[in-house]
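Coordinate analysis (summary)
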Amino acid sequence: MTSKKTIFSGIKPSGDLTIGNYIGAISQWVTMQDEYNCIFSVVDYHAITVKQNPTDLRRRILDITKIYLASGINSKKSIIFQQSAVPAHTELAWVLNCCGAYMADLKKMTQFKDKAGDKQDSVSVGLFDYPVLMAADIILYDTQIVPVGDDQKQHVELARDIAKRFNNQYGPVFTIPEAMVKKEGARIMSLNDPSKKMAKSDENPAGAIALLDEPEIARKKIMKAVTDSGSEIIYDQKNKPALANLLTIHSSLSGESIKSLEKKFTGKGYGDFKKELAEVVAVFLIDFQKKFNKISDVDAKKILEKGRKQATKIAEEKMGKVRGVVGVR
Ligand code: TYM
């Protein structure tokens with residue numbers, strides 16, 4: 001390892017990745033590859049906190065690997081691997097369950113409360129405990145920075161607390177990580193409800209644009225996206241949350257600033273703006289999918305295997321220290 005800082009991040013293969021995942025997380029990772037030691041995981045053990053079809057899960061693991069590569073994650077610069085191929089993640093999660101994580105912390109997690117809703121007693125223990133596995137993912141690699149979307153900030157905070165508690169008890173074993181969240185695009189909202197996050201698990205596909213959606217379908221989703229009252233194209237998060245979201249998507253994919261978009265659409269209405277955004281999204285998807293389709297399953301598997309070896313080396317060294325201080329094998 002060099003003196004560069006280490007970043008770790010991951011995506012769980014629990015549904016079709018959306019432009020929200022791309023804008024909030026992956027696009028940020030791509031720009032960090034030269035400056036940091038980068039480790040990106042397909043965090044499959046996180047996906048099984050809710051029921052998965054094994055065939056679909058296997059497919060999605062490879063698809064996410066290809067999505068990383070098509071987005072510009074370079075396996076020569078970054079480690080790309082499948083979480084379940086490195087058993088140290090689940091091993092450390094158990095240790096942290098016992099030495100660092102408290103029930104009270106987990107009960108505070110808003111994502112658990114949202115996901116479990118009024119079924120808290122009948123969801124899996126894994127869904128409740130999942131932030132501890134996420135803490136293990138992060139601190140196993142002496143990660144300093146965790147680039148994520150806004151919804152994962154609380155989980156990274158928890159990873160910090162768990163690492164600090166472990167260190168207080170056993171000595172300075174772990175580096176304390178920090179979340180890095182983009183200023184713009186950290187929370188892309190649903191196209192049909194700007195109060196809800198765009199999510200890969202959304203039951204209503206009209207609210208989300210998947211990275212592998214047919215470009216023509218994506219175009220129609222944009223044209224049908226809800227808008228706010230009024231007609232002016234201005235960024236106003238409070239009074240025009242739907243338009244603010246669409247402006248953010250445009251700006252993130254086209255690279256044009258929101259200020260310059262407001263100027264360009266002065267005197268024009270929502271229809272004109274949506275037409276241009278639909279084109280921006282379609283062009284982005286066509287280019288992205290061209291790159292995606294060029295990567296074979298065999299290539300994706302080879303890259304995961306290379307990543308498994310690289311990640312295992314780092315993770316096993318850390319687990320050796322953990323086992324030693326805790327007093328197990
Ligand atoms: P996941 O799989 O739900 O999402 C992956 C990444 O995408 C970001 N994201 C979004 N960003 C902007 N707008 C949205 N609508 C949007 N939806 C999702 C998420 O914030 C995330 O960065 N627990 C994690 C996966 C994980 C992880 C880790 C992340 C497991 N271990 C260690 C970082 C480090 C999760 O479920 O993300």
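Remember, predicted model here, so these are calculated numbers, not experimental data. (Residues numbered from 1 in each chain as written. Predicted model: local features only at pLDDT ≥ 70, side-chain atom pairs only at ≥ 80, totals over all residues. Heavy atoms only, no water.)

**Focus: empty space enclosed by the protein**
Here is the rule: Cavity and pocket criteria rest on a 1 Å grid covering protein atoms alone: a 1.4 Å probe that fits but cannot get out defines a cavity, protein on both sides within 12 Å along at least 5 of 7 lines defines an open pocket, and an atom within 4 Å of a point defines a lining residue. Grid points are joined across faces, edges and corners, and a volume is the space filled by probe spheres set on the points. Strands are runs of DSSP state E lasting at least two residues, helices are runs of H or I lasting at least four, and both sets are numbered from the N terminus onward. In this classification, Asp, Glu, Lys and Arg are treated as charged, Ala, Val, Leu, Ile, Met, Phe, Trp, Tyr, Cys and Pro as nonpolar, and every other residue, Gly included, as polar.
Summed over the entire model, instances satisfying the criterion amount to one cavity of 30 Å³ or more. Here the largest cavity defines a volume of roughly 70 Å³. Forming the boundary of the largest cavity are K12, T49, Q111, F112, K115, L127 and Y130. Looking at the lining of the largest cavity, the elements with two or more residues in it are α6 (110-116) and α7 (125-139). Among the residues forming the lining of the largest cavity, the class breakdown is three nonpolar, two polar and two charged.

**Side note on the nonpolar core**
Threshold: Put simply, buried Ala, Val, Leu, Ile, Met, Phe, Trp, Tyr and Cys residues joined by side-chain atoms within 4.5 Å make one nonpolar core. Throughout this description, buried means an accessible area under 20% of the type-specific maximum (1.4 Å probe, protein chains only), exposed means over 50%, and partly exposed covers the range between. For the domain bounds, the source is a domain assignment made automatically or taken from a database. Contacts: residue pairs with any heavy atoms within 4.5 Å of one another.
Y68, I249 and V281 are the most contacted members of the largest nonpolar core, which totals 58 residues. Examining the composition of this core, we find that 10 residues originate from one element, helix α12 (residues 270-293), more than from any other. Looking at which domains feed residues into this core, each of domain 1 (6-181 + 297-326) and domain 2 (214-292) gives three or more. Sequence-distant contacts of I249, defined by excluding residues within four places in its chain, comprise I19, I23, I188, L191, L277 and V281. In terms of nonpolar packing, the next biggest core, distinct from the first, is built from 41 residues, V95, A101, L127 and V132 among them.

**Structural notes on the domain arrangement of the protein chain**
Selection criterion: What gets called buried area is simply the loss in accessible area from a 1.4 Å probe that two parts show on being joined, summed for both. Counted as salt bridges are all cases of a side-chain nitrogen of Lys or Arg within 4 Å of a carboxyl oxygen of Asp or Glu. N or O atoms closer than or at 3.5 Å make up a polar contact, with two conditions inside protein: a donor-capable atom paired with an acceptor-capable one, and, for residues adjacent in sequence, both atoms drawn from side chains.
Partitioning the protein chain into structural domains gives domain 1 (6-181 + 297-326) and domain 2 (214-292). The straight-line distance from the C-alpha centre of domain 1 to that of domain 2 is 31 Å. At the interface, eight residues of domain 1 touch seven residues of domain 2. Summing both sides of the interface, domain 1 and domain 2 together bury roughly 760 Å²; the carbon and sulfur share of this comes to 88%. Three residues stand out in domain 1 for area buried against domain 2, namely I19, I23 and A70, and they jointly supply 61% of the buried area on that side. The interface formed by domain 1 and domain 2 holds zero salt bridges in total. Between the two partners, domain 1 and domain 2, sit zero residue pairs in polar contact (both at pLDDT 80 or more). For the side of domain 1 that touches domain 2, the elements supplying multiple residues, two or more each, are α1 (19-30) and α3 (54-71). Here the residues of the side of domain 1 that touches domain 2 sort into five nonpolar, one polar and two charged.

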